Amino acid sequence: MKPTFTEKLLEWNNAQNTRSMPWKGEKDPYKIWLSEIILQQTRVEQGLAYYEKFIAAFPTIQQLAKAPEKKVFKLWEGLGYYTRCRNLIATAQIVVKDHKGKFPRTYDQIKELKGIGPYTAAAIASFAFNEPRAVVDGNVQRVMARYFGISTPIDTTSGKKLYQELATALLDTEQPGIYNQAIMDFGAVICKPQNPLCSVCPQQADCEAFKHDLVKQLPVKEKSLKKKERWFYYFIIQYQSKFYIRERTDKDIWQSLHEFVLYETDTPVQSIFQDLPFLKTLFGKQSYSVSHISKVYHQQLTHQLIHGQFITVTTVKPVTALKDYVLIDKKQLKQYAFPRIINTFLEEKSSLAQLF
DNA sequence: AATCCGGGGAT
DNA sequence: ATCCCAGGATT
């Protein structure tokens, strides 16, 4: 006999949950996996278009596994957390090579794959294979913290353990997939982060947070993130009809994306014209001409604020001092994945007028 | 245990 | 501005 919470949740799911998504009820583990990776820390509304694009481009895991990496990253461009994309490719290749194209069928095997943690493994195992594993995502944590009135922070080791145990106890082991889907929908539709719909909530009578007016305070998060600022000066160096770009490979933001010639500082430079020794160092005695300096663009990341400025430079000879950078014809540029701050610049009409 | 990894939407 | 999103990997 399951707790009343589970009964009421499933009742709500049957009678009132109208939330519809393309992967709901899906049984193909490939499609479930793809949707779950895309949706990690990503809103359904934001991930939806990417899911459709990926399914259209790669209907099977075999096709994804053999696709050129560049093409996959171009599809992922703009979605963020690019390690997910790298792991997506690696996992597709592992499943095809080591598992003969058949997606692993148990939670433990699934969790071994790259980019798959406790949440995603539980989601795939329950949705595709009916294994009784409880998902714990942001929705589930919030619902349980409020329903039970728990003030243990969700972003601690003990908190994660506690919420996983609670979720497991509440799970309907007869229909784990339906239950997991239901509690996440419930968190997204009723027990929302802001302005939850307590007035129409079927759990209201037993909700500890509602009883004690703690709905707004729960769940508790312990850590606050520290941010740092970085200044990126991008030199768009044109030689004939080509530009220098490189792939970002350091352990840093935007790994596997591309960029123009970068000069980075941790404080803004006083004047692009006077105080930037970078260009002179780069060109030495070679001549160059600066044709345009853009406004300052900004991009807010989780832990960083990026200030970006774009300096368009033309030269009549190749720049030999540029290591790692390669010359790409301007017509080929759109094949490469760039960070949003660069695409924002490229998409502005004034920028295009300078470059093309 | 702490930190990092994006981009977008709501408030 | 701040929070949060169908989290996971690294140190």
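Residues numbered from 1 in each chain as written. Chains lettered and ligands numbered in written order. Predicted model: local features only at pLDDT ≥ 70, side-chain atom pairs only at ≥ 80, totals over all residues. Heavy atoms only, no water.

1. Here's the deal with the overall build of chain A
Phase 1 of the analysis: Scanning chain A from N- to C-terminus turns up 15 helices and seven strands.
Phase 2 of the analysis: Once the C-alpha set of chain A is aligned to its principal axes, its extents read approximately 80 × 50 × 35 Å.
Phase 3 of the analysis: Scored against the burial criterion, the 356 residues of chain A give a buried share of 49%.
Phase 4 of the analysis: Of the contacts made within chain A by residues no fewer than 6 positions apart, 68% connect residues no fewer than 24 positions apart.
Phase 5 of the analysis: Total accessible area on chain A stands at roughly 18500 Å², and carbon and sulfur atoms take up 52% of it.
Phase 6 of the analysis: Charge-centre separation for chain A: the mean point of 48 positive side chains lies 7 Å from the mean point of 35 negative side chains. (Helix = DSSP H or I, 4+ residues; strand = E, 2+ residues; numbered from the N terminus. Buried < 20%, exposed > 50% of the residue type's maximum accessible area, 1.4 Å probe, protein only. Contact = heavy atoms within 4.5 Å. Areas by Shrake-Rupley, 256 points an atom, 1.4 Å probe, with all protein chains shown as cover. Lys, Arg positive; Asp, Glu negative; His and termini not counted. Charge placed at Lys NZ, Arg CZ, Asp CG, Glu CD.)

2. A look at the protein's contact with DNA strand B
Phase 1 of the analysis: Around DNA strand B, a shell composed of 23 residues is seen, among which Thr157, Trp254, Gln299, Thr302 and Arg340 lie nearest.
Phase 2 of the analysis: A breakdown of the atoms of DNA strand B within 4 Å of the protein gives sugar and phosphate a share of 55%.
Phase 3 of the analysis: Leu79 places a main-chain nitrogen or oxygen 3.4 Å from a base nitrogen of DNA strand B.
Phase 4 of the analysis: Thr302 places a polar side-chain atom, nitrogen or oxygen, 2.5 Å from a base nitrogen of DNA strand B.
Phase 5 of the analysis: Here the residues of the surface near DNA strand B are counted per class, giving six nonpolar, eleven polar and six charged. (Near = heavy atom within 4 Å. Polar contact = N/O pair within 3.5 Å; in protein donor to acceptor, adjacent residues only side chain to side chain. Nonpolar A, V, L, I, M, F, W, Y, C, P; charged D, E, K, R; others polar.)

3. With respect to the protein's contact with DNA strand C
Phase 1 of the analysis: Near DNA strand C, the surroundings consist of 26 residues, among which Glu36, Arg43, Thr120, Arg142 and Lys251 are the closest.
Phase 2 of the analysis: Those atoms of DNA strand C that come within 4 Å of the protein belong to sugar or phosphate at a rate of 61%.
Phase 3 of the analysis: Gln41 is positioned such that a nitrogen or oxygen atom in its backbone is 2.9 Å from a phosphate oxygen of DNA strand C.
Phase 4 of the analysis: Contact between DNA strand C and Gly117: a phosphate oxygen at 2.8 Å from a main-chain N or O atom of the residue.
Phase 5 of the analysis: Where the surface near DNA strand C is concerned, the elements lending two or more residues are α8 (118–129), α9 (138–148) and α11 (176–189).
Phase 6 of the analysis: Residue composition of the surface near DNA strand C, grouped by class: nine nonpolar, nine polar and eight charged.

4. Some details on the pairing of strand β6 (residues 304–315)
Phase 1 of the analysis: Most of β6 sits out of view: ten of its twelve residues are buried.
Phase 2 of the analysis: Where strand β1 (residues 228–239) lies against β6, twelve bridges are found, and the strand directions are parallel. Bridge pairing links Lys228 to Gln304 in β6.
Phase 3 of the analysis: For strand β5 (residues 289–300) and β6, the ladder comprises nine bridges, and the chain directions are antiparallel. Counterpart to Val290 in the pairing with β6 is Val313.
Phase 4 of the analysis: Connecting the antiparallel pair β5 and β6 is a turn made up of three residues. (Pairing = 2+ DSSP bridges.)

5. Quick notes on unusual backbone geometry
Phase 1 of the analysis: Here the bond from Leu218 into Pro219 is cis, since omega is 0°, no more than 30 degrees from zero.
Phase 2 of the analysis: At Trp254, a residue that is not glycine, the phi angle is positive and equals roughly 60°.
Phase 3 of the analysis: Of note, Trp254 is situated in the loop between β2 (242–247) and β3 (258–259).
Phase 4 of the analysis: Judged by relative accessible area, which is 8%, Trp254 ranks as buried.
Phase 5 of the analysis: Its identity is not glycine, yet Ser256 carries a phi of approximately 85°, on the positive side.
Phase 6 of the analysis: Summarising the element assignment, Ser256 is placed in the loop between β2 and β3.
Phase 7 of the analysis: Residue classification places Ser256 among the buried residues on the basis of a relative accessible area of 7%.

6. Overview of the domain arrangement of chain A
Phase 1 of the analysis: On domain assignment, one finds that chain A holds domain 1 (4–217) and domain 2 (228–355).
Phase 2 of the analysis: Relative to domain 2, the C-alpha centre of domain 1 lies at a distance of 38 Å.
Phase 3 of the analysis: Listed by partner, the interface residues are seven residues for domain 1 and eleven residues for domain 2.
Phase 4 of the analysis: Taken over both partners, the interface formed by domain 1 and domain 2 buries close to 840 Å², and the fraction arising from carbon and sulfur atoms is 50%.
Phase 5 of the analysis: Summed over the shared surface of domain 1 and domain 2, the result is zero salt bridges.
Phase 6 of the analysis: Across the domain 1-domain 2 interface, the total number found is seven residue pairs in polar contact (both at pLDDT 80 or more).
Phase 7 of the analysis: Top element by residues in the side of domain 1 that touches domain 2 is helix α5 (residues 69–76). It accounts for three residues.
Phase 8 of the analysis: Within the side of domain 1 that touches domain 2, the residues separate by chemical class into three nonpolar, no polar and four charged. (Domains from an automatic or database assignment. Buried area = accessible area lost by both parts, 1.4 Å probe. Salt bridge = Lys/Arg side-chain N within 4 Å of Asp/Glu carboxyl O.)

7. Section: the UniProt feature "domain: HhH-GPD" (unreviewed entry) in chain A
Phase 1 of the analysis: Residues given the UniProt feature "domain: HhH-GPD" (unreviewed entry) here are residues 38–189.
Phase 2 of the analysis: Secondary structure content for residues 38–189 is 66% helix and 0% strand, and the end C-alpha separation is 20 Å. (UniProt positions renumbered as here; feature names shortened; annotations may be inferred.)

8. As for the pattern of salt bridges
Phase 1 of the analysis: Scanning the entire structure with this criterion turns up 14 salt bridges.
Phase 2 of the analysis: The closest approach of N and O atoms between Lys8 and Asp206, which form a salt bridge, is 3.4 Å. Separated by 198 residues along the polypeptide, Lys8 in helix α1 (residues 4–15) and Asp206 in the loop between α11 and α12 (208–211) bring together distant segments of the chain.
Phase 3 of the analysis: Residue classification places Asp206 among the partly exposed residues on the basis of a relative accessible area of 28%.
Phase 4 of the analysis: Between Lys295 and Glu348 there is a salt bridge, with the nearest N and O atoms lying 3.7 Å from each other. In this pair, Lys295 sits in strand β5 while Glu348 sits in the loop between α14 (340–347) and α15 (349–355), placing the two residues 53 residues apart along the sequence.
Phase 5 of the analysis: The class of Glu348 is partly exposed, set by a relative accessible area of 27%.
Phase 6 of the analysis: Each of Arg230, Arg246, Arg248, Asp252, Glu259 and Glu264 takes part in a single network of salt bridges with overlapping partners.

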